[in-house]
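# Structural overview for review
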Amino acid sequence: MIWFADFEHCREFMIALRWPDGVVKCPRCGAEKLSYLAKQRVWKCYAKHPSPTFTLKTGTIFEDSPIGLEKWLPAAWLIVGAKNGISSYEIHRGLGVTQKTAWFMLHRIRLAMQDGGFNMLAGEIEVDETFIGGKARNMHKAKRAEKIQGRGAQGKELYSAWWSAAEMFA
């Protein structure tokens with residue numbers, strides 16, 4: 001845990017984990033023409049796309065979180081190393097974060113462990129079916145008589161779909 005307290009150690013570890021060949025590539029386009037901006041801790045991609053900068057957290061479960069890698073990586077180490085599991089209160093005490101933050105981290109890391117990696121959603125994702133249509137009480141009386149016959153799903157449209165993760169995040 002002390003080793004991961006330093007950002008440079010976290011940076012080296014994440015680079016080795018994400019890019020095993022040692023060549024950092026843009027997670028959006030795969031380009032290798034990059035420059036590292038040390039003061040901001042970001043890489044700048046020179047390919048033409050909407051968001052040219054990215055961090056080590058981009059494209060991982062850590063991405064949309066204000067919590068630094070100095071907290072995420074020790075939390076992952078604690079969870080993986082606990083023989084009988086670990087509670088959010090133990091992470092809260094061990095890392096000095098709030099219990100709510102520890103709970104959030106615990107759930108994200110457990111979800112990543114189910115998939116076997118720290119990447120975001122991949123593969124096929126099923127979207128369950130749903131009925132689309134307004135409430136009968138919000139319709140005009142004439143329109144209600146025309147569209148709604150009975151209760152529940154009658155008069156509503158059934159919507160069901162499958163998407164791949166690549167389509168969802170493209």
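First, a word on scope: everything that follows refers to the structure included in this document. By convention here, each chain's residues receive numbers from 1 onward along its written sequence. Totals for whole chains, interfaces and linings use every residue, but because this is a predicted model, local features are given only for residues with pLDDT of at least 70 and side-chain atom pairs only at 80 or more, for both listing and counting. Hydrogens and water molecules were not included; the side-chain quantities draw on all heavy atoms of the structure.

## Considering the packing of aromatic side chains
Convention followed: Under the pairing criterion, centres of Phe, Tyr and Trp rings, with the six-membered ring standing for Trp, must be within 6.5 Å; the plane angle then separates stacked pairs below 30 degrees from edge-to-face pairs above 60, leaving the rest tilted. Each helix is a run of H or I in the DSSP string that is no shorter than four residues. Each strand is a run of E no shorter than two, and both are numbered from the N terminus. The buried label applies to any residue whose accessible area, calculated with a 1.4 Å probe on protein chains only, is under 20% of its type's maximum; exposed applies above 50%, and partly exposed to all values in between. Any Lys NZ or Arg CZ found within 6 Å of a ring centre and within 35 degrees of that ring's normal is scored as a charge over the ring.
Inspection of the entire model under this criterion finds seven aromatic pairs. Between tryptophan 43 and phenylalanine 54, the ring centres sit 5.8 Å apart and the planes meet at 15°, which makes this aromatic pair stacked. Taken as a pair, tryptophan 43 in strand E2 (residues 42-45) and phenylalanine 54 in strand E3 (residues 53-54) lie far apart in primary sequence, 11 residues in all. As far as the burial class goes, tryptophan 43 and phenylalanine 54 line up, both buried. The residue whose ring lies beneath arginine 11 is tyrosine 36, and the NZ or CZ to ring-centre distance is 4.5 Å. The lysine or arginine in question, arginine 41, covers the ring of phenylalanine 7, its NZ or CZ lying 3.8 Å from the ring centre.

## Some points on helix H3 (residues 88-95)
Put simply, the test is: The arc in question is the one spanned by the directions pointing from the helix axis to the C-beta atoms.
The set of residues buried in H3 consists of Ser88, Ile91 and Leu95. Projected down its long axis, H3 shows its buried positions confined to an angular sector of 60°, all on one face. Positive phi shows up at glycine 96, right after H3, with a value of about 75°.

## Side note on unusual backbone geometry
Its identity is not glycine, yet arginine 41 carries a phi of approximately 60°, on the positive side. Position of arginine 41 relative to the elements: it lies in the loop between strand E1 (34-37) and E2. On the basis of relative accessibility, which here comes to 43%, the residue arginine 41 falls in the partly exposed class.

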